Amino acid sequence: GQLGVDRLQPSGGLVKAGQVVKVFGRGFREDTRLQIEEVPDIEYRYLSETEMELVAPHDFQLDQQELLVTNPE
């Protein structure tokens, strides 16, 4: 299946430490990884094939960030 992100909630702005950002898309699995290069300690969790959450380890600006979503293969 296809793996992709359709939108984030919130879609930008300052994300505070501990704040949850919802990631909506398709093709997510329990082993799907989320990464933001400038936020190395980001935590994330799988909720469903179309939804994941990421949690900020510290404050960061979400605008102009690249979210990398990968499956192991």
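A. Main features of the pattern of salt bridges. Taken as a whole, this structure holds seven salt bridges when the rule is applied. Here Glu73 makes a salt bridge to Arg29, at a shortest N to O gap of 2.9 Å. One end of the pair, Glu73, is in the segment after strand 8 (67-70); the other, Arg29, is in the loop between strand 3 (20-26) and strand 4 (33-36), with 44 residues separating them in the sequence. Here Glu73 falls in the exposed class, since its relative accessible area comes to 72%. We note a salt bridge from Arg45 to Glu53, for which the minimum N-O separation is 2.7 Å. If you follow the salt bridges from partner to partner, you end up with Lys22, Arg45, Glu51 and Glu53 in one network.

B. Local environment of the nonpolar core. Ranked by internal contacts, the top residues of the largest apolar core, which has 14 residues, are Val15, Val23, Leu34, Ile36, Leu54 and Phe60. Those elements that place two or more of their residues in this core are strand 3, strand 4 and strand 6 (51-55). Apart from residues no more than four positions distant in its own chain, Ile36 is found in contact with Ile42, Leu54, Phe60, Gln65, Glu66 and Leu67.

C. Representation of the pairing of strand 3 within the structure. With five bridges connecting them, strand 1 (residues 4-9) and strand 3 associate as antiparallel partners. Paired with Val5 across the two strands is Gly25, which belongs to strand 3. As defined by bridge partners, strand 3 adjoins strand 6 across five bridges and the pair is classed as antiparallel. Note on strand 6: the bridge partner recorded for Val21 is Leu54.

Reading guide: rules and limits
- Residues numbered from 1 in each chain as written.
- Predicted model: local features only at pLDDT ≥ 70, side-chain atom pairs only at ≥ 80, totals over all residues.
- Heavy atoms only, no water.
- Salt bridge = Lys/Arg side-chain N within 4 Å of Asp/Glu carboxyl O.
- Helix = DSSP H or I, 4+ residues; strand = E, 2+ residues; numbered from the N terminus.
- Buried < 20%, exposed > 50% of the residue type's maximum accessible area, 1.4 Å probe, protein only.
- Core = buried A, V, L, I, M, F, W, Y, C linked by side-chain atoms within 4.5 Å.
- Contact = heavy atoms within 4.5 Å.
- Pairing = 2+ DSSP bridges.

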